[in-house]
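What the coordinates show
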Amino acid sequence: MTRRLTNAISLLGFCLMLSNNAFAQHQWELNLFGAGSVYTKNTYLIGFPQSATPIPGELKFDASPRFGARLGVFTRGHWSQEFYYSFEPNTVTISNAGPVPTPTDMRLRISNYGVNALYYLVETESNAFQPFLSAGLGGTLYQNRQESLVQVRDPAIGNLRDVNNSNELAFNWGLGVKTRPSERFGLRLDIRDFIARTPSFGLARQSNNPTATVLPATGPTNNGELSIGSTIYFGNR
């Protein structure tokens, strides 16, 4: 487990301890959702000393279904907070051009986790139709499947011997709406954008070693999410 992941989990645990009184005194809710997930692609150049002539490359994720849960507590006025986790299977393709194009596919398990703040445009939870804005901080874990690691590390197939998992700090923001047709059950629709540094999967982003395998994909990757789910409410309004 990386230090960044450990720090993120510690932060979530601390926030949960701070929220104990809020959970005891206010209504809280469990939202289970399914979503569609799409990514921006990232292009890069492999230059000197790995290549005398710059080699263009591309890192691209597939569009994928996603499933997750949000545990929220309504605190006061226009504000509430929630903790979220989602999971999706995906495939990333790393393609380098040049005389002999070398596309490499890696099968992944992608997890998003973190804490969000929600701002309700209408103050009270008793409204049947409640639009909101949201923003938060967490992480995105890109975990290679074991069979995929064996293939991409194989000199005869991928020859990416240093490939591993990646865990990146991620910011997200979005908007949505809650509806509550009954006391205990409701529906929720969200549109969200996750912004994180493009993962390197354990490869160096740059190196002075001309024989090193590098993945100089820099800048952010945007991950759009459209989700719909059911909400169970606990406690009093």
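For the structure, see preceding data.
Residues numbered from 1 in each chain as written. Predicted model: local features only at pLDDT ≥ 70, side-chain atom pairs only at ≥ 80, totals over all residues. Heavy atoms only, no water.

**Some details on unusual backbone geometry**
- Cis geometry is adopted by the peptide bond preceding Pro49, which originates at Phe48 and carries an omega value of 10 degrees.
- At Phe201, a residue that is not glycine, the phi angle is positive and equals roughly 55 degrees.
- Using a relative accessible area of 0% as the deciding quantity, one classes Phe201 as buried. (Buried < 20%, exposed > 50% of the residue type's maximum accessible area, 1.4 Å probe, protein only.)

**Some thoughts on helix 3 (residues 146-153)**
- Inspection of helix 3 places Ser148, Leu149 and Val152 among the buried residues, and these make up the whole buried set. The arc enclosing the buried residues of helix 3, seen along the axis, measures out at 100 degrees, which places them on a common side. In helix 3, the exposed positions angled more than 90 degrees off the buried face are occupied by Gln146 and Val150.
- In this structure, the buried side of helix 3 is in contact with strand 6 (102-120) and strand 7 (129-144). (Helix = DSSP H or I, 4+ residues; strand = E, 2+ residues; numbered from the N terminus. Arc of directions from axis to C-beta. Contact = heavy atoms within 4.5 Å.)

**With respect to the packing of aromatic side chains**
- Tallied over the full model, the rule gives 7 aromatic pairs.
- Both rings, one in Trp28 and one in Phe234, keep their centres 4.9 Å apart while their planes meet at 25 degrees; by these two values the pair is stacked. In this pair, Trp28 is assigned in strand 1 (residues 28-39) and Phe234 in strand 10 (residues 220-234), connecting sequence segments 206 residues apart.
- Here the aromatic residues Tyr39, Phe61, Tyr142 and Phe201 are joined through ring pairs into a cluster of three or more.
- Positioned above the aromatic ring of Phe194, the side-chain terminus of Arg66 is 5.6 Å from the ring centre.
- Residue placement shows Arg180 over the ring face of Tyr233; its charged tip is 3.9 Å from the ring centre. (Phe/Tyr/Trp six-rings, centres within 6.5 Å; stacked < 30°, edge-to-face > 60°. Lys NZ or Arg CZ within 6 Å of the ring centre and 35° of its normal.)

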